[in-house]
Amino acid sequence: MKERFCAIAIGILFLLLGVAGFIPGFNVLPVGAEPNIPLDAPSINMDAGYGYVFGLFPTNLLHNAVHIAVGILGIAAASSFSGARVFNQGFAIAYSAIALMGLFPFTNTVFGLMPIYGHNIWLNTLTAAAAGYYSFFKPTETTMINASPST
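Scoring rules and cut-offs
Residues numbered from 1 in each chain as written. Predicted model: local features only at pLDDT ≥ 70, side-chain atom pairs only at ≥ 80, totals over all residues. Heavy atoms only, no water. Helix = DSSP H or I, 4+ residues; strand = E, 2+ residues; numbered from the N terminus. Buried < 20%, exposed > 50% of the residue type's maximum accessible area, 1.4 Å probe, protein only. Contact = heavy atoms within 4.5 Å. Patch = residues over 30% accessible without salt bridge, like charges linked within 9 Å, V, L, I, M, F, W, Y side chains within 5 Å. Areas by Shrake-Rupley, 256 points an atom, 1.4 Å probe, with all protein chains shown as cover. Salt bridge = Lys/Arg side-chain N within 4 Å of Asp/Glu carboxyl O. Pairing = 2+ DSSP bridges. Core = buried A, V, L, I, M, F, W, Y, C linked by side-chain atoms within 4.5 Å. Polar contact = N/O pair within 3.5 Å; in protein donor to acceptor, adjacent residues only side chain to side chain. Expected span 1.5 Å × (residues − 1). Axes fitted to C-alpha atoms, helices over the stretch in contact; angles between N-to-C directions. Parallel < 35°, antiparallel > 145°, perpendicular 65-115°, else oblique. Left-handed = near helix turned anticlockwise from the far one by under 90°. Nonpolar A, V, L, I, M, F, W, Y, C, P; charged D, E, K, R; others polar.

### Section: the environment of Ala131
- When you line up the elements, Ala131 lands in helix H4 (residues 119–137).
- Given a relative accessible area of 0%, Ala131 falls into the buried group.
- Remark: the alpha-carbon pair of Ala131 and Ala9, spanning 122 residues in sequence, is separated by 10.0 Å.
- Contact partners of Ala131, with chain neighbours within four places excluded, come to Cys6, Ile10, Asn88, Phe91 and Ala92.

As structure tokens, then:
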């Protein structure tokens, strides 16, 4: 049951982050930034919709679309135990790799497509750790049927 809860919680979180990235009031540039991209930000080829969701998470239009797709996938996967487990496993592997990519200057923009640096690193790490725990390490809960003892 907790595997399904984890999948739906991650799905809702990423769906909300993706939708918020398209709303101008939630997707803002830091104070003192240039019209499109802050001076201290790594260079990206796709600067359409660039900003910081809630002032924390760097994003652009492609990143928002990926968050929405992952969110919908997580919500849909939560409809069954096996779907939630597979989603959590795939999410844990993919987002662990994305968190690692965010640490290195040559990959922290996914080769110029979308920003995965800054606060995105800890968000991706924490959500990947939660998904990994519930899909790889937490033992599955089973129900024992009490049989009457034979005498």
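Anyway, onward from the coordinates.
### Comments concerning a nonpolar patch on the surface
- On the surface, Phe5, Ile8, Ile12, Leu16 and Ile75 cluster together to form a nonpolar patch covering roughly 460 Å² of accessible area.
- Of all the elements, helix H1 (residues 2–22) adds the most residues to the nonpolar patch, at 4 residues.
- By the secondary structure assignment, Phe5 is in helix H1.

### Side note on the sheet that holds strand S3 (residues 57–59)
- As summarised here, the arrangement of the 3 strands in space is S1-S2-S3, forming an open sheet in which the pairing is antiparallel. At either margin of the open sheet sits one strand with a lone partner, and together these are strand S1 (27–28) and S3.
- Alignment of strand S2 (residues 51–53) against S3, held across 3 bridges, turns out to be antiparallel. Residue Val53 lies in a different strand from S3, and its bridge partner there is Phe57.

### Focus on the nonpolar core
- Counting 14 residues, the largest nonpolar core has Ile10, Phe14, Val70, Phe87, Phe91 and Tyr95 as the members making the most contacts within it.
- For this core, the elements supplying multiple residues, two or more each, are H1, helix H2 (61–77), helix H3 (81–103) and H4.
- Sorting elements by how many residues they give to this core places H3 first, with 5 residues.
- Ignoring any residue separated from it by four or fewer positions in sequence, one finds Ile10 in contact with Phe87, Asn88, Phe91, Thr127 and Ala131.
- Counting residues in hydrophobic clusters, the runner-up holds 5 residues, among them Ala20, Val53, Phe57 and Leu123.

### Here's the deal with the side chain of Ser135
- Tracing the backbone through its elements, the reader meets Ser135 in helix H4.
- Assessed through its relative accessible area of 1%, Ser135 is described here as buried.
- Of the polar contacts made by the side chain of Ser135, one reaches the backbone oxygen of Ala131; its length is 2.7 Å.
- Setting aside residues up to four positions removed in sequence, Ser135 forms contacts with Arg85, Asn88 and Gln89.

### Here we look at H1
- Compared with the 30 Å implied by 1.5 Å per residue over 21 residues, the 31 Å span of H1 between its first and last C-alpha is a close match.
- Those residues of H1 not exposed but buried are Glu3, Cys6, Ala7, Ile10, Gly11, Phe14, Leu17, Gly18, Ala20 and Gly21.
- The secondary structure elements touched by the buried residues of H1 are S1, S2, S3, H2, H3 and H4.

### Focus: the packing of H1 against H3
- Put simply, H1 and H3 touch, their axes get as near as 8 Å, and they point 55° apart. It follows that H1 is oblique to H3 by the angle criterion. Of the two elements, H1 crosses H3, and the hand of that crossing is left-handed. Along its contact with H1, which presents Glu3, Arg4, Cys6, Ala7, Ile10 and Phe14, the element H3 presents Phe81, Ala84, Phe87, Asn88, Phe91 and Tyr95.
- Of the residues contributing to the contact of H1 with H3, the split by class is 9 nonpolar, 1 polar and 2 charged.

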